[in-house]
Amino acid sequence: MSLQGFFQNAYVTHDLDRAITLCGAAAGIGQFMPMDLELPLLTPEGEHSICLRVATGWIGVLQIELIQPVSGHIAPYAAGLPADPSDATPRFHHVAVRRDDPGALAREVEAMALPVIFRTSGNGISSVFVDATARIGHPIEFVCATSEGWDLLCWPKST
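Residues numbered from 1 in each chain as written. Predicted model: local features only at pLDDT ≥ 70, side-chain atom pairs only at ≥ 80, totals over all residues. Heavy atoms only, no water.

Because the α-helix completes a turn every 3.6 residues, residues three or four places apart line up on one side. Buried residues of helix α1 (residues 16-23): Leu-16, Ala-19 and Cys-23, and no others. Mapping the buried residues of α1 onto a view down its axis gives an arc of 60 degrees, with all of them on the same face. Where the residues of α1 are buried, they touch β2 (33-43), β3 (46-59) and β4 (62-72). The opening residue of α1, the one whose side-chain oxygen lies 3.2 Å from the backbone nitrogen of Asp-17, is Asp-15. (Buried < 20%, exposed > 50% of the residue type's maximum accessible area, 1.4 Å probe, protein only. Helix = DSSP H or I, 4+ residues; strand = E, 2+ residues; numbered from the N terminus. Arc of directions from axis to C-beta. Contact = heavy atoms within 4.5 Å. Polar contact = N/O pair within 3.5 Å; in protein donor to acceptor, adjacent residues only side chain to side chain.)

What follows is the structure in structure tokens.
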């Protein structure tokens, strides 16, 4: 398991719009790019779908991702949310690392021998979420993307 390619801290929230207001400009994060997503998930229990509201913003070379689970198989995100649904304060969920070779990523995930929470893909971006809680205290998202996918994520051109 390597955190080489680390680029993102991700947080879950009950209210994406309020979370953007809470941690955007005050934290020096550039403009957030909100989007509504419906993603297919492949979990150890089978195929599911999830609807999310997501916003990403950059502070230098670090991307901050805010995630509001909306419907579907939200269990991987819901456990991290505050008990009070009116509390929009973002809660840390996972880190993400970049990978450029899908085959090498598959071998790395297998060699880690950590539980896979889910896999998903779409819009030129594929991700594998692994439960690294026993090793580093939280999940890790491994992200592979086409050049168009990295553009969708607003990957900084200078890195």
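Back to the write-up after that little detour.
The next point concerns the environment of Gly-122. Structurally, Gly-122 is set in strand β6 (residues 116-122). A residue is classified by how much of its surface remains accessible, and Gly-122, at 32% relative accessible area, is partly exposed. For the pair formed by Gly-122 and Leu-39, sequence separation is 83 residues and the distance between their alpha carbons is 7.2 Å.

Counted according to the given criterion, the structure contains 9 aromatic pairs. Ring geometry for Tyr-11 against Phe-92: centres 5.8 Å apart, planes inclined by 80 degrees, an arrangement best described as edge-to-face. Taken together, the residues Tyr-11 in strand β1 (residues 6-12) and Phe-92 in strand β5 (residues 91-98) connect sequence positions 81 residues apart. Accessibility expressed as a relative area gives 38% for Phe-92, which makes it partly exposed. With a centroid separation of 5.7 Å and an interplanar angle of 85 degrees, the aromatic rings of Trp-58 and Trp-155 are classed as edge-to-face. Residue Trp-58 is found in strand β3, and its partner Trp-155 is found in the segment after α5 (147-152); the two are separated by 97 residues along the sequence. When sorted by exposure, Trp-58 lands in the same class as Trp-155, which is buried. (Phe/Tyr/Trp six-rings, centres within 6.5 Å; stacked < 30°, edge-to-face > 60°.)

Of all 6 residues in strand β8 (residues 140-145), 5 are buried; the element is thus mostly enclosed. Of the pairings in the sheet, the one linking β5 to β8 comprises 4 bridges and is parallel in character. Within β8, the residue paired with Val-95 across the bridge is Ile-140. (Pairing = 2+ DSSP bridges.)

Further remarks concern the pattern of salt bridges. This structure, assessed with the given rule, holds 5 salt bridges. With a shortest N-O distance of 3.4 Å, Asp-17 and Arg-53 are connected by a salt bridge. Of this pair, Asp-17 sits in helix α1 while Arg-53 is found in strand β3, placing the two residues 36 residues apart along the sequence. On the accessibility criterion, Asp-17 (44% relative accessible area) is partly exposed. Classification of Arg-53 as partly exposed rests on a relative accessible area of 23%. With its nearest N and O atoms 2.8 Å apart, the salt bridge here joins Asp-100 to Arg-98. Residue class for Arg-98 comes out partly exposed when judged on its relative accessible area of 22%. One salt-bridge network, in which partners are shared between bridges, spans Asp-17, Asp-36 and Arg-53. (Salt bridge = Lys/Arg side-chain N within 4 Å of Asp/Glu carboxyl O.)

Structural measurements only, silent on function.
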